[in-house]
Amino acid sequence: MRRTLPEPASARVPNLAPMVDVIMVILVFFMLGASLEVFKEGVFQTELDPRSGPGEGVAIEIIPSVKIALRLSPDGGASAIHVMGRPLAENSAAGLRSFLTARRRAGADPKSPIVVTADARVHWRYVVRAIDAAVQAGFKNVQFAVSLAPEGGGE
Amino acid sequence: MKRFQPPKPISMTLNLAPLVDVMMCLIVFFLLASRLVSAQHSPLHLAAANAATQMERSELGPRVVINVRPGADGTSADYLIHRWDGRSIREERLKATELRAYLADRAGRAKKNDQPLRCVIRADRETEYAHVEMVLRACGLAKIANVAFSVNASDAEGDAP
């Protein structure tokens, strides 16, 4: 009577090694993709005036240490920076940062609000640069002067 | 006389099935997690800033995200939100007049749970300020005092005004 040897185990079990390779590649892809997405964004936090809540049309009265206004330049491109109602000598984010840093060294309270306003058509990136300059100069309380009237744009 | 006995087969292959199971679970987790993370975020060109605080989204607490991007005509804006309809997350476009009602609804629900709501404004850098101000005004009227602006913290731009 002839006896045959049992077939080797490798012939009975499917070879999962290629599948593991593919799954590892997919796993690494998703891990890297997810982490890159999470760490990219930053935030600026602000608080609206508490009196803005109770009702419509309530006038906001903020006594700022500095009031920054971004005016639309005549050519419609970049914005013109005004501080306390006057045009800034060096019309750039660096100029604004220098001005605010000097203001702070002169004794301005870093907790006092910096109020930012902008013309309606000024692009958002210029407003963010103004906030960025204020935060870099050490002012943490950046607020917006927002009219709560139902209609109306920026200043 | 002893009978011939064939040797017992010895398995020489690793059992990879549990490894595959675990990795499949991890892949499903990352698939779902990364989708949820980006679900509230429309692809926008955020303005660059150096001094922004980098926070995990969980640190922001209960929040409502409003994406603002310039409209097709160049003067209007699209206000985009994401809603969970029980099966999937859908992007919806709100009109400026609907912002206040939406935010008030969210703020009301958060208040019932005794959780202060924060509004995260993600505005495209080319958006006109008037449209962002519209969201700020709606936040004020909806009694949402905490507002955060998302910016691009990893791509600082030049120093132009």
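The structure we're discussing is the one just above.
This text gives an overview of the structure that appears in the document.

So, how was this worked out
- Residues numbered from 1 in each chain as written.
- Chains lettered and ligands numbered in written order.
- Predicted model: local features only at pLDDT ≥ 70, side-chain atom pairs only at ≥ 80, totals over all residues.
- Helix = DSSP H or I, 4+ residues; strand = E, 2+ residues; numbered from the N terminus.
- Buried ≥ 20, exposed ≤ 12 C-beta atoms within 10 Å, placed from the backbone.
- Contact = placed C-beta atoms within 7 Å.
- Pairing = 2+ DSSP bridges.
- Axes fitted to C-alpha atoms, helices over the stretch in contact; angles between N-to-C directions.
- Left-handed = near helix turned anticlockwise from the far one by under 90°.
- Nonpolar A, V, L, I, M, F, W, Y, C, P; charged D, E, K, R; others polar.

### So, the overall build of chain A
Alright, step 1. For chain A, the count of helices and strands is four helices and six strands.
Alright, step 2. Scored against the burial criterion, the 155 residues of chain A give a buried share of 30%.
Alright, step 3. Residue pairs at least 24 apart in sequence account for 69% of intrachain contacts in chain A once pairs closer than 6 positions are excluded.

### Here we look at the pairing of strand β3 (residues 79-83) of chain A
Residue and element names in this part refer to chain A.
Alright, step 1. Inspection of the sheet shows strand β2 (residues 66-72) paired to β3 by five bridges, in the antiparallel sense. Bridged to Leu72 within β3 is Ser79.
Alright, step 2. With two bridges connecting them, β3 and strand β4 (residues 86-87) associate as antiparallel partners. The partner of Val83 across the bridge, within β4, is Arg86.

### Some thoughts on the packing of helix α2 (residues 96-112) of chain B against helix α3 (residues 129-141) of chain B
Residues and elements named next belong to chain B.
Alright, step 1. At a closest axis distance of 8 Å, the pairing of α2 and α3 adopts a crossing angle of 35°. Regarding α2 and α3, the two cross each other, and that crossing is right-handed. In this structure, α2 uses Ala96, Leu99, Arg100 and Leu103 to contact α3, whose residues at the interface are Met134, Val135, Ala138, Cys139 and Leu141.
Alright, step 2. Grouping the constituent residues of the contact of α2 with α3 by class yields eight nonpolar, no polar and one charged.

### Focus on the pairing of β2 of chain A
Residues and elements named next belong to chain A.
Alright, step 1. For β2, the tally of buried residues reaches five of seven residues, placing the bulk of the element in the interior.
Alright, step 2. Where β2 meets strand β5 (residues 114-118), five bridges bridge the pair, whose relative direction is parallel. The residue of β5 that forms the bridge with Ile68 is Val116.

### A short note on unusual backbone geometry
Alright, step 1. Positive phi outside glycine occurs at Met84 of chain A, with the angle close to 50°.
Alright, step 2. Tracing the backbone through its elements, the reader meets Met84 of chain A in the loop between β3 and β4.
Alright, step 3. You will see that Asp114 of chain B, though not glycine, has its phi angle at about 60°, which is positive.
Alright, step 4. Tracing the sequence through the fold places Asp114 of chain B in the loop between α2 and β4 (118-123).
Alright, step 5. According to the C-beta neighbour criterion, Asp114 of chain B is exposed, with 6 such atoms within 10 Å.

### A look at the sheet that holds β5 of chain A
All names here are of chain A.
Alright, step 1. Spatially, the five strands line up as an open sheet ordered β4-β3-β2-β5-β6, and their pairing is mixed. Each edge of the sheet is formed by a strand with only one pairing partner; in this case those strands are β4 and β6 (142-144).
Alright, step 2. Against the sheet, helix α4 (residues 124-136) engages β2, β3, β5 and β6, with an angle of about 165° to β5.

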